[in-house]
Structures are given as C-alpha cells and as structure tokens.
Amino acid sequence: MKLHILLVNPWIYDFSAYNLWVRPLGLLRVAEYLSAFDTRLTFIDCTDAFSNRRFGTGKFRAETVEKPGILKCVPRLYRRYGISIDEFRKKVEDARPFDIVLMTSVMGYWYPGVLKTIEVLRDIAGDVPVVLGGIYATLYHEHASQHSGADFIYRGSLRESIAFVFSTFGFRLKRKGTGNPYYRLGFYETHPYAPLLTSEGCPFRCTYCASGILTDAFMKRKPEEVLGEITDLHSLGVRDFAFYDDALLVDSGDHIKPILRDVHALGLNVRFHTPNGLHARFIDEELAHLMKETHFSTIRLSLETTCERRQEATGGKVHKRDIERAVSLLKGHNIPGRNIGVYLMYGLPDQGISEVKDGVMFLKILGVRVHLTEFSPIRGTGLWDELVRGGVIGDYIDPLCTNNAVYSYFYSGYGREELDELRLDVKKYNASL
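Residues numbered from 1 in each chain as written. Predicted model: local features only at pLDDT ≥ 70, side-chain atom pairs only at ≥ 80, totals over all residues. Heavy atoms only, no water.

Peer 1: Describe the overall build of the protein chain, naming the residues involved and giving the relevant values.
Peer 2: Helix and strand counts for the protein chain stand at 16 helices and 18 strands. In terms of overall size, the protein chain behaves like a compact globule, its C-alpha atoms giving a radius of gyration of 22 Å where 433 residues would be expected to give roughly 22 Å. For the protein chain, restricting intrachain contacts to residue pairs at least 6 apart in sequence, the fraction spanning at least 24 positions comes to 76%. A distance of 3 Å separates the average location of the 54 positive side-chain charges in the protein chain from that of its 53 negative side-chain charges. (Helix = DSSP H or I, 4+ residues; strand = E, 2+ residues; numbered from the N terminus. Rg over C-alpha atoms; globule rule 2.2 N^0.38 Å. Contact = heavy atoms within 4.5 Å. Lys, Arg positive; Asp, Glu negative; His and termini not counted. Charge placed at Lys NZ, Arg CZ, Asp CG, Glu CD.)

In structure tokens:
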C-alpha cells in the first residue's frame, strides 16, 4: 500500500495577523519532493480562511482565545487565525487512516498554534508519528522538543534528507518518477495569488535577521525555471505574485533582470509584490524600468533606521543615500510614492523614539509610504546575543515574549502614548498619499 502522508500547516496565534500572499512554501516544497515517490499526500492548511481583498490579500478569519498566562498583562485581544477547530477535526477525520504527519512552523511566538494542532491530531489519530519542522522547530529546537508534543523535531530544510526521517519510523520511500509543482497537486481549490521564491538565503548577515541561520548558503534558482513557474501559474489564472526572497535583487544582471525581461516580452498580465523588502542599493535605471513595465504594484524597501552608526552596526546593507537614489529612480519611471513603502524599525536595543521620528520625517520628505515595524529578537542572531549579554532577556526566554508587539510592550522603553501618537501620525500620512 502507498505510504499516506498528512501535511499540516498549523494555526496562527497572535494579537494581529493579515494575509499578505502567505502560503507555507517550505511545506509545499516538501510535498513537491514527495510527489516523486509512491505516496499518497493529503494537505491541510489551517490558515486557509481569509477574505479576498486587494491583489489577493485579505483578513484571516479569527476567533478570540484565552491569552497564555505570560501575556495576560498585554491589553489586546489574542486570537486564533484560520479555520475553526471543528473544520480541522473534520479534515483530519476525513484523511484517516494516515501513516505519518509532517508539520511546519513559522514564527517562534506562534507556537501555541503548533501545540493546539498537535493536540487535536493526537486526539484523533493517537500515536501516529508527528514530525515537526520549520522556523520554530529550527530556532527554538529545545523548546519545541519539550513542549510541542511532536515525535521528531527537525532542524533546517526538510527535503532530500527526509528519507532519514521516514526511516526512523520504519518507512521507506520508493521513487516512481518526477514530482509535480505544489499548485498541480490539488491542495488548494483556488489560487487567488502565488508566493514566489527565486532564491534561498542571503549573502548579508544583518544582526536582527535569521536568514543566515535558517539557510547556510545563498542559492539562486535558474531564471528559466522561475519563468516557467510564473507562466504555469498564470495559465491557472494567477495574476498576483509575491516575491518572498530575502535577497531578490542580488546579482540582478543574471537573475531577476532576465526573469522580468522575459515576463515583459511574453506580455503576461501580472502584478508583482515584494512584501519581504528589497535591497535598495541594487536598484538601478534598468531595474526600475523593468519593475514599472512588469507592474510591480507593491514595492517594499528595507531601511530599518536612518542612524548611520546603527546601520553599520547591524550589517551595513543599506544607507539613506541608497533609499534616496532608489526612490528617485522608481519615481522617475512613474511609479507613484503610494506604491513604494519603506520598512522602518522601532524598539531596537538602545534606540530612542527620536531616532524613529527622524526616520519617519526622512521618508515623508521622500514622499513614500512609511511602514513602522516593531523589532522582534530572534534566537541566534547578533542582536539576540547582545540582549542576552546585557541581561535584557535570557537565552531560553519563552518565545511568546519575542512577539514584536509583546517585546515592544515589555522592553522598548517607549512611552505608550508617544508611540501611539506616532503610529496615528504615520497612518494619517500614508492615507494622504
């Protein structure tokens, strides 16, 4: 009999969440790999419940749940985002019997969703092996081992090495041919959008980012392979594509530029979005032109701070002049300021509120959207180690405390009224663009 594998993307548990073209790409790539073997695959995405709004994005369905004890003092509602528990139970029941569960995880502070998902799986399927991978399982391996309830906690990318995981439970994979892309496996009824990964990893090592921990090397896919994915998805009716690369524009001459040239030459009716933030220093005249011609509708640039000392200390990937030049080039190709957003961090260690206000003013002068981003410490990064050495946090702090909203509330040192006033000012400014 075929090995029946259940793949699960758990719920999000948080104070807020919004679907910005999200799909569990890591788990979907695992499914693609497994489709080349003699297996039966069933896929459940607990977050696949949202209203389809602008460009395919939308609000997740949500249910208010009780806050964990450590979060009781945070004056905000805590929610579970995605399908209902009853819906999930029915999907699991309908999938039975299955031989093994492969489950992913994303933000470390979303782990209550992991625990709840495994709790329901155990209630229905008993001792069927559960393998947990993903970001939480990798960065907070000890915590996941102690609290998740999974039988196997996997660090890193779970693809070719998956045969080893199966063998620990007495299962053997038998290859039957070539695999299929995830969007051809029938996991989703509709494809209102598609996330894209043209590369993995990042050559930069910013002190607030875990990309270098999660992926050892910077690896790019072949441009023709990416183009094939775009055209195939386009034939299924997809029009909105979101690049989720950490370093989309690096080596643009032999990577993103040829991809965009071919998209333009084919005359594809598409829109592109960059929710992860782009390296502004790599935007040149040709790239700005291609971004306009291929309809980049949501452009996000990474700045983080206008403080030059902090820019250098956190990795030196971008400076104010890079943002100024990139914005000038994009606007020079008639991309409006309302389509260009810049991420600005607040709550960084020893970062005063005046530094954040300086950044807001800088972006207002440039005439682009301001996206205030709360700093969230990630285990294993340079800033995490700095905070541990300074006694601000412990190395084994509960991941719930690293939630950006929670960390800001507990540790930033900002006055709540002053911060709320700044947020409101930014909201009004963005609405005016």
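Peer 1: Would you mind going over the pairing of strand β8 (residues 100-103) in detail, with residue names and values included?
Peer 2: Judged by which residues are buried, β8 turns out to be covered on both faces: Ile100 and Leu102 on one side and Val101 and Met103 on the other are all buried. Of the strand pairs in this sheet, strand β1 (residues 3-9) and β8 are connected by four bridges, and their pairing is parallel. Its bridge partner lying in β8, isoleucine 5 is registered against isoleucine 100. Across three bridges, the pairing between β8 and strand β9 (residues 130-132) is parallel. In the strand pairing of β9, valine 101 is matched with valine 130. In this fold, β8 hands off to helix α3 (residues 111-125), which returns the chain to β9; that crossover is right-handed. (Buried < 20%, exposed > 50% of the residue type's maximum accessible area, 1.4 Å probe, protein only. Pairing = 2+ DSSP bridges. Right-handed = clockwise from strand over helix to strand, strands pointing away.)

Peer 1: Just give me the short version of the confidence of the model for the protein chain, but keep the residues and values in it.
Peer 2: Chain-level statistics for the protein chain give a pLDDT mean of 93 and a share of 99% at 70 or above. When mean pLDDT is taken per element in the protein chain, helix α10 (residues 285-293) scores highest with 98 and helix α15 (residues 404-411) scores lowest with 79. (pLDDT = per-residue confidence, 0-100.)

Peer 1: Would you mind going over the packing of aromatic side chains in detail, with residue names and values included?
Peer 2: Here the structure, examined in full by the defined rule, presents 24 aromatic pairs. Note on phenylalanine 60 and tyrosine 81: the rings are 6.4 Å apart at their centroids and 65 degrees apart in plane angle, and the pair reads as edge-to-face. In this pair, phenylalanine 60 sits in the loop between β5 (58-59) and β6 (62-64) while tyrosine 81 sits in strand β7 (residues 79-81), placing the two residues 21 residues apart along the sequence. Just as phenylalanine 60 is buried, tyrosine 81 falls in that class too. Ring geometry for phenylalanine 204 and phenylalanine 282: centres 6.3 Å apart, planes at 50 degrees, overall tilted. Taken as a pair, phenylalanine 204 in the loop between β12 (199-200) and α7 (211-214) and phenylalanine 282 in the loop between β15 (271-273) and α10 lie far apart in primary sequence, 78 residues in all. Of the residues examined, phenylalanine 204 reaches a relative accessible area of 18% and is grouped as buried. Residue phenylalanine 282 is classed as partly exposed on the basis of its relative accessible area of 25%. Feature note: the residues Phe50, Phe60, Tyr81 and Tyr193 constitute an aromatic cluster, connected by ring pairs. For the cation-ring pair, arginine 23 lies above tyrosine 188, with the distance from its terminal atom to the ring centre recorded as 3.7 Å. In this structure, arginine 80 packs its charged tip against the face of tryptophan 11, placed 5.6 Å from the ring centre. (Phe/Tyr/Trp six-rings, centres within 6.5 Å; stacked < 30°, edge-to-face > 60°. Lys NZ or Arg CZ within 6 Å of the ring centre and 35° of its normal.)

Peer 1: Report on the sheet that holds strand β18 (residues 369-374), specifying residues and quantitative values.
Peer 2: With parallel pairing, the six strands of this open sheet are ordered in space as β11-β14-β15-β16-β17-β18. Of all strands in the sheet, those with a lone pairing partner are β11 (194-196) and β18, marking the two edges. Going from strand to strand, the sheet's axes swing by 25 degrees on average, the running direction of each strand aside. With five bridges joining them, strand β16 (residues 296-304) and strand β17 (residues 340-346) adopt parallel strand pairing. Residue pairing across strands places isoleucine 299 opposite isoleucine 340, the latter belonging to β17. (Axes fitted to C-alpha atoms, helices over the stretch in contact; angles between N-to-C directions.)

Peer 1: Explain empty space enclosed by the protein residue by residue, including any values.
Peer 2: A full pass over the atoms with the stated rule returns two cavities of 30 Å³ or more. Around the largest cavity, the lining residues are Cys206, Tyr208, Leu303, Glu304, Gln311, Thr314, Gly315, Gly316, Lys317 and Val318. Partitioned by chemical class, the residues of the lining of the largest cavity number four nonpolar, four polar and two charged. Quantified by volume, the second largest cavity comes out at close to 30 Å³. (1 Å grid on protein atoms, 1.4 Å probe; cavity = no way out; pocket = protein on both sides within 12 Å on 5 of 7 lines; lining within 4 Å. Points joined across faces, edges and corners; volume = space filled by probe spheres on them. Nonpolar A, V, L, I, M, F, W, Y, C, P; charged D, E, K, R; others polar.)

Peer 1: Help me get a handle on helix α9 (residues 256-266), residues and values and all.
Peer 2: Buried residues of α9: Ile256, Lys257, Pro258, Ile259, Leu260 and Val263, and no others. Where α9 is buried, its residues contact α8 (223-235), β14 (240-243), β15, α10 and β16. Glycine 267 occupies a position one or two residues after α9 and carries a positive phi of about 65 degrees.

Peer 1: Explain the sheet that holds strand β2 (residues 12-14) residue by residue, including any values.
Peer 2: Strands sit in the order β2-β7-β6 across an open sheet of three strands; the sheet is antiparallel. The outermost strands of the open sheet, each flanked by one partner alone, are β2 and β6. Strand-to-strand twist in this sheet, taken as the mean axis angle between neighbours without regard to direction, amounts to 25 degrees. Looking at chain direction, β2 and β7 are connected through three bridges and run antiparallel. The residue of β7 that forms the bridge with tyrosine 13 is arginine 80.

Peer 1: Any chance you could break down the packing of α8 against α9 for me, citing the residues and the numbers?
Peer 2: Two elements in contact, α8 and α9, have axes separated by 9 Å at closest approach and are oriented at 40 degrees. The angle between the axes of α8 and α9 places the two elements in the oblique class. For the crossing formed where α8 meets α9, the hand is right-handed. Here α8 contributes Pro223, Val226, Leu227, Ile230 and Thr231 to the contact with α9, which in turn contributes Pro258, Ile259, Asp262, Val263 and Leu266. Looking at the contact of α8 with α9 residue by residue, the class counts come to eight nonpolar, one polar and one charged. (Parallel < 35°, antiparallel > 145°, perpendicular 65-115°, else oblique. Left-handed = near helix turned anticlockwise from the far one by under 90°.)

Peer 1: Explain the layout of surface pockets residue by residue, including any values.
Peer 2: When its volume is computed, the second largest pocket comes out at roughly 560 Å³. Lining the second largest pocket are 21 residues, with Asp48, Lys91, Phe187, Tyr188 and Glu189 positioned closest to its centre. Here the element with the most residues in the lining of the second largest pocket is strand β4 (residues 39-45); it accounts for five residues. By residue class, the composition of the lining of the second largest pocket is ten nonpolar, four polar and seven charged.

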